[in-house]
Amino acid sequence: MTSASPTPSPLDETAIETAGRDPLVFLLGSSLAWLLVSGALALVASIQLHRPEFFAGCPIFTYGRAQALQETAFIYGWVANAGLGLVLWILGRLGGAVLRAANWTFVGAIFWNVGVTAGLVGIAAGDATALPRLEMPGYAQPLLLAAYGSIAVSGVLAWAGRRRPVMFAAQWYAVAALFLFPWIFSVGQVMLVWVPVHGVLQAIVQGWFAQSLWTLWMAPLGLAGAYYVVPKVTGRVLPAYDLASLGFWCLLFIGGWTGGRHLIGGPVPAWISTVAIVTSAILLSHYLIVWLNLRGAFAGGGNALRFIAFGLAAYVLGGFVDAATAMRAIAVRTQFTWFDEAQQQLALYGGVSMLIFGTLYFAVPRLTGRPWASTGLLRGHLVLSFLGLILLIGALAGAGLAQGADLANAQLSFATIAADTRPWLRFASVAQAILLLGNFMLAVNFARTVGCGKIAAVKEALVS
Amino acid sequence: MKNGSLLFLGLFAALGFSWAGIVLGSNAQLATLPAYYDQGQGQAFPRRPSGVAARGQLVYQDLNCAACHTQQVRRPGFGSDQARGWGDRQSVARDYIYQTAVQLGEFRIGPDLTNLAGRKPTAPDAVDLLTLLYSGQGAMPAYSFLFENRKISGQPSDHALRLTGRLKAAPGREIVPTPRAEALVAYLLSLNTSFDYPESIPAPAAQAEGSK
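Predicted model, so just to flag it, every value in this text is computed and none were measured. (Residues numbered from 1 in each chain as written. Chains lettered and ligands numbered in written order. Predicted model: local features only at pLDDT ≥ 70, side-chain atom pairs only at ≥ 80, totals over all residues.)

(A) View of the overall build of chain A. Counting its regular elements, chain A contains 14 helices and zero strands. Put simply, chain A runs from its N terminus to its C terminus through helices and strands in the order α-α-α-α-α-α-α-α-α-α-α-α-α-α. For chain A, the C-alpha radius of gyration of 22 Å lies close to 23 Å, the compact-globule estimate for 464 residues. Structurally, chain A occupies a C-alpha span of about 75 × 45 × 45 Å along its principal axes. By residue count, 60% of the 464 residues in chain A fall in the buried class. Counted over contacts in chain A with a minimum sequence separation of 6, partners at least 24 positions apart contribute 84%. (Helix = DSSP H or I, 4+ residues; strand = E, 2+ residues; numbered from the N terminus. Rg over C-alpha atoms; globule rule 2.2 N^0.38 Å. Buried ≥ 20, exposed ≤ 12 C-beta atoms within 10 Å, placed from the backbone. Contact = placed C-beta atoms within 7 Å.)

So, in structure tokens, the structure goes:
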């Protein structure tokens, strides 16, 4: 067997599927609920940008809080639940053994979602930390850390007890995401919330935290799925697989250093942004290698692969835009504008989320033993996601370019800038509505697929 | 890759590498940054914020004002920060040493606030800021929930906003800022970085890059 096409024997797969099903279905189901919550909040926040009076009298949904709520629901609700569910499934399958300690995962998943709920209620009530990517109030964070530990137990056991010593690229990324999150999250908590560091160091630690959370946790969660699904569906050895480990270690060792690019021109030592600019350029080799390895996704072959192909293109493009906007001459125009938001949405939603969608579409039929309940809803989600994301990223980039040009001209007031960006931001709101509708289709499809399985199981139990 | 323990150790080495470099490195450089004592004026800068301003910073944090406003002025020549009157010098690390929650911000949907109270030629006063908060302007929403619209009983309040036009309160009623609004405004008026530290003297314009 080649090292690039993981194919555990069918017998193992069936066993893994039945033993680990419930906690994984729970993780995926809750991730979709958070995706809808986050989409609705994103729509509210987006409308407020061109209609400031929308929900202005309601302190819970004032723009600052709505923005923090949608980001938290997206990262800790959607990406975390779905990413973990899929990563555990992959580790179980590639480990070639029954997923052990599934109850730990189940209990952890329940408490994780309780923690995210507490965090969102806290933000809405006014206890937010105002730290980007770590907005949840301090009291919700330890619960999340403990819950994560419990969820991860089965993944760690599946990896440590794997039947084959050789590890595939999907496993490297999965293990990296699984192990590194608790450390990144606790460093962020301790140095920013419990014993905050001094003065502007907070901004530096926050930059490191946000970037590590992205490069060492969210990106690996998405890539683990892509590296698993692409060889499975195409049935081919990944091209340039020898380079895959270089790409992996490049991301891990370089990723955390690139956070300082958001601090260019800021009140921090200049070496922090200089290091970030240099490392952003080095990180391009990671993106190139991922592209080389997974380019088979573009050859087509099913809807799961279409999502992954889009995600791969967006992820790689996001990396290149990131490196470009790290250059000081470009940053002076794009910094503090919607262009930065466009880049983040490109990488996080267009990249990682789409990779997760693709993996989800591949995994759920195998996990539940049933095909997707509706092909129409699946196609609808595909079309709306493509359309919504292209529109969203295009609109935000357009708004960012207009805003950047206007900001550079000191004669233009903020009212003029707002008027110039408003048409673009309206398009962004339309895009958010399209994405929300698409995600609603996915949630309905998931509920019907899982629900059918449950009903059939009950019928079977009644008959026998 | 076969060796699980090697992967495991490598992961932590990777995380520890950037953590030691960025976090410990900058900590060694900045953690003990003291205030600057100015012989001429006989006092140290930056000034410590008053109690009410420190409370106001919590309101700023809770409403996540940093979603739209930055608090970092870039050096003259790098962007239009100076031309917009936000400050004649770049912000430096020493400006922030007494801030409990530093809010540099990532977006400028509204203006920068680093030096709001030290702007030249005119800085806004408390009445301007309270009116702006109550009424909103341009892309900024009205924060009417920070104000109380109440019936005048006896003497009208000294704190009541004097509004005109469509914002004017109904007859017999008045609009009074809540303590949260008062604290937020006190915080905004404490934002003043007009003192020049030795390290913050503007770089000559000849070194500017990316300027328009």
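Here the narrative resumes.
(B) Broad picture of the overall build of chain B. The helix and strand tally for chain B stands at four helices and four strands. Helices and strands in chain B line up, N terminus first, as α-β-β-α-α-β-β-α. Against the globule reference of 17 Å for 212 residues, chain B gives a C-alpha radius of gyration of 22 Å, more extended than a compact globule. Principal-axis analysis of the C-alpha atoms gives chain B an extent of 80 × 50 × 40 Å. The buried share of chain B, taken over its 212 residues, is 40%. Contacts spanning at least 24 positions in sequence make up 74% of the contacts within chain B whose residues lie at least 6 apart.

(C) Inspection of the interface of chain A and chain B at higher detail. Contacts between the two partners involve 64 residues from chain A, matched on the other side by 62 residues from chain B. Among the elements of the structure, helix H1 (10-50), helix H2 (63-95), helix H5 (169-194), helix H6 (201-234), helix H7 (244-255), helix H11 (328-334), helix H13 (375-408) and helix H14 (414-463) of chain A are those that each provide at least two residues to the side of chain A that touches chain B. Tallying contributions element by element places H6 of chain A first for the side of chain A that touches chain B, with eight residues. A per-class count over the side of chain A that touches chain B returns 44 nonpolar, 16 polar and four charged. (Nonpolar A, V, L, I, M, F, W, Y, C, P; charged D, E, K, R; others polar.)

(D) Seen up close, the confidence of the model for chain A. Looking at chain A as a whole, the pLDDT averages 93, with 96% of positions reaching at least 70. Residue range residues 1-11 of chain A is modelled with pLDDT below 50. Its contacts to residues more than four positions away, or to other chains, number 20 contacts. (pLDDT = per-residue confidence, 0-100.)

(E) Focus on the packing of helix H10 (residues 303-325) of chain A against helix H12 (residues 338-368) of chain A. Residues and elements named next belong to chain A. Contact geometry for H10 and H12: axes closest at 7 Å, N-to-C directions at 155°. As far as their axial angle goes, H12 and H10 are roughly antiparallel. Every pair of crossing elements has a handedness; the one defined by H10 and H12 is left-handed. When grouped by side-chain class, the residues that make up the contact of H10 with H12 number 18 nonpolar, eight polar and one charged. (Axes fitted to C-alpha atoms, helices over the stretch in contact; angles between N-to-C directions. Parallel < 35°, antiparallel > 145°, perpendicular 65-115°, else oblique. Left-handed = near helix turned anticlockwise from the far one by under 90°.)

(F) Spatial organisation of the environment of glycine 20 of chain A. Residues and elements named next belong to chain A. You can see glycine 20 is positioned in helix H1. Looking at glycine 20, the number of C-beta atoms within 10 Å reads 26, which means it is buried. Along the primary structure glycine 20 and phenylalanine 320 are separated by 300 residues, whereas in three dimensions their C-alpha atoms are 38 Å apart. Those residues in contact with glycine 20, other than ones at most four positions away along the chain, are Gly92, Leu99 and Ala102.

(G) Structural view of the pairing of strand S4 (residues 173-177) of chain B. Residues and elements named next belong to chain B. With four of five residues buried, S4 lies mostly within the body of the structure. Bridge analysis of strand S3 (residues 147-151) against S4 gives five bridges, and the strand direction is antiparallel. Across the sheet, residue lysine 151 finds its bridge partner in S4, namely arginine 173. (Pairing = 2+ DSSP bridges.)

(H) Local environment of unusual backbone geometry. Residue phenylalanine 45 of chain B is joined to proline 46 of chain B through a cis peptide bond whose omega torsion reads 0°. Mapped onto the elements, proline 46 of chain B comes out in the loop between strand S2 (43-45) and helix H2 (51-62). Although it is not a glycine, alanine 101 of chain A sits at a positive phi angle of roughly 55°. Its place among the elements puts alanine 101 of chain A in the loop between H2 and helix H3 (102-125). In this model, arginine 133 of chain A sits at a positive phi of 70°, which is unusual for a non-glycine residue. Here arginine 133 of chain A is to be found in the loop between H3 and helix H4 (141-160). Classification of arginine 133 of chain A by C-beta neighbours within 10 Å gives buried; the count is 20.

(I) Representation of the packing of H2 of chain A against H3 of chain A in the model. Residues and elements named next belong to chain A. Packing of H2 against H3 leaves a shortest axis separation of 9 Å and a crossing angle of 170°. Here H2 lies roughly antiparallel to H3, going by the angle between them. Counted together, Arg65, Ala68, Leu69, Thr72, Ala73, Tyr76, Gly77 and Leu88 of H2 and Thr105, Val116, Gly119, Leu120, Ile123 and Ala124 of H3 form the full contact between these two elements. For the contact of H2 with H3, the residue count by class is nine nonpolar, four polar and one charged.

(J) Structural view of the nonpolar core. Residue and element names in this part refer to chain A. Counting residues in hydrophobic clusters, the biggest one holds 215 residues, and the most contacted among them are Val87, Tyr173, Ala177, Ala224 and Ile308. Of all the elements, H6 adds the most residues to this core, at 21 residues. Setting aside residues no more than four positions away along its own chain, isoleucine 308 makes contact with Ala226, Val229, Val230, Ala297, Leu355 and Gly358. (Core = buried A, V, L, I, M, F, W, Y, C linked by C-beta atoms within 7 Å.)

(K) Spatial organisation of the environment of glutamine 403 of chain A. Residue and element names in this part refer to chain A. Counting through the fold element by element, glutamine 403 comes out in helix H13. Residues glutamine 403 and phenylalanine 336, spaced 67 residues apart in sequence, show a C-alpha to C-alpha distance of 9.2 Å. Excluding its chain neighbours within four sequence positions, the residues that come into contact with glutamine 403 are Thr337, Trp338, Ile417 and Thr421.

(L) Here's a closer look at H10 of chain A. Here H10 of chain A is 23 residues long and its end C-alpha atoms lie 33 Å apart, about the 33 Å a rise of 1.5 Å per residue gives. Taking burial as the measure, the 23 residues of H10 of chain A include 18 buried ones, the bulk of the element. (Expected span 1.5 Å × (residues − 1).)

(M) Quick peek at the environment of leucine 24 of chain A. Looking at the secondary structure, you find leucine 24 of chain A in helix H1. A C-alpha to C-alpha distance of 8.2 Å links leucine 24 of chain A and threonine 105 of chain A, two positions 81 residues apart in sequence.

(N) Geometry of the confidence of the model for chain B. All names here are of chain B. Per-residue pLDDT for chain B has a mean of 90; in total, 94% of the residues score no lower than 70. Within chain B, the lowest mean pLDDT, 92, falls on S2, and the highest, 96, falls on helix H4 (residues 179-190). Scoring of the predicted complex yields 0.94 for pTM and 0.92 for ipTM.

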